[in-house]
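Residues per chain, in single letters:
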Amino acid sequence: MDDSTPPPPSAPADPSPPPPPTTSGSPTDFLKGVVGKRVVVRLTSGVDYRGILSCLDGYMNIALEQTEEHVNGRVTNQYGDAFIRGNNVLYISAAEPL
């Protein structure tokens, strides 16, 4: 046989990079994780409520403690407890690191 046969191609020195890490939490996990913590609740009207998330249900009805109402970035009212009907909620955001 002839030794002029080229060697088989070698594997690349650096394989493709691993995929970026993904967050494995579901919305339910997030909501369970923020109960008892400070949150921002944005309503469909654009009004924000900031307070401690006391509890919520499957309809996104929310109970907040130590609640402040923010309109256009300004505090307009302060409430001890506030109950927000779920169909008015646009989103819930953590106000402190989880």
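Please read these numbers as outputs of a predicted model, since none were measured by experiment.

A. Structural view of the overall build of the protein. For the protein, the helix and strand inventory stands at one helix and five strands. When its helices and strands are written in sequence order, the protein yields α-β-β-β-β-β. A burial count over the protein gives 23% of its 98 residues as buried. Accessible area for the protein stands at about 7,400 Å²; split by element, carbon and sulfur atoms hold 55% of it.

B. Representation of the pattern of salt bridges in the model. Taken as a whole, this structure holds two salt bridges when the rule is applied. Residue aspartate 48 is joined to arginine 42 by a salt bridge in which the shortest nitrogen-to-oxygen separation is 2.3 Å. Overall, the relative accessible area of 26% leaves arginine 42 in the partly exposed class. Among the ionic pairs, arginine 50 bridges to aspartate 48, the shortest N-O distance being 4.0 Å. The partly exposed category is assigned to arginine 50, whose relative accessible area is 33%. Here the salt bridges do not stand alone but share partners, grouping Arg42, Asp48 and Arg50 into one network.

C. Focus on the sheet that holds strand β1 (residues 38-43). Taken in spatial order, the five strands of this open sheet run β4-β3-β2-β1-β5, and their pairing is antiparallel. In the strand order of this sheet, the two ends are held by β4 (74-84) and β5 (89-94), each with one partner. Adjacent strand axes in the sheet meet at a mean angle of 30°, parallel and antiparallel pairs treated alike. Where strand β2 (residues 48-56) and strand β3 (residues 62-71) come together, seven bridges link them in antiparallel fashion. Within the sheet, the bridge partner assigned to leucine 56 lies in β3 and is isoleucine 62. The sheet contacts of helix α1 (residues 27-34) involve β1, β2 and β5, and relative to β5 the element is tilted by about 60°.

D. Here's a closer look at the pairing of β2. Of the pairings in the sheet, the one linking β1 to β2 comprises five bridges and is antiparallel in character. Note that in β2 the partner of valine 39 across the bridge is glycine 51. Taking the residues between adjacent antiparallel strands as the criterion, β1 and β2 are bridged by four residues, where glycine 46 takes a positive phi near 95°. Linking β2 back to β3 in an antiparallel pair, the connection comprises five residues, with methionine 60 at a positive phi of about 70°.

Thresholds applied
Residues numbered from 1 in each chain as written. Predicted model: local features only at pLDDT ≥ 70, side-chain atom pairs only at ≥ 80, totals over all residues. Heavy atoms only, no water. Helix = DSSP H or I, 4+ residues; strand = E, 2+ residues; numbered from the N terminus. Buried < 20%, exposed > 50% of the residue type's maximum accessible area, 1.4 Å probe, protein only. Areas by Shrake-Rupley, 256 points an atom, 1.4 Å probe, with all protein chains shown as cover. Salt bridge = Lys/Arg side-chain N within 4 Å of Asp/Glu carboxyl O. Pairing = 2+ DSSP bridges. Axes fitted to C-alpha atoms, helices over the stretch in contact; angles between N-to-C directions. Contact = heavy atoms within 4.5 Å.

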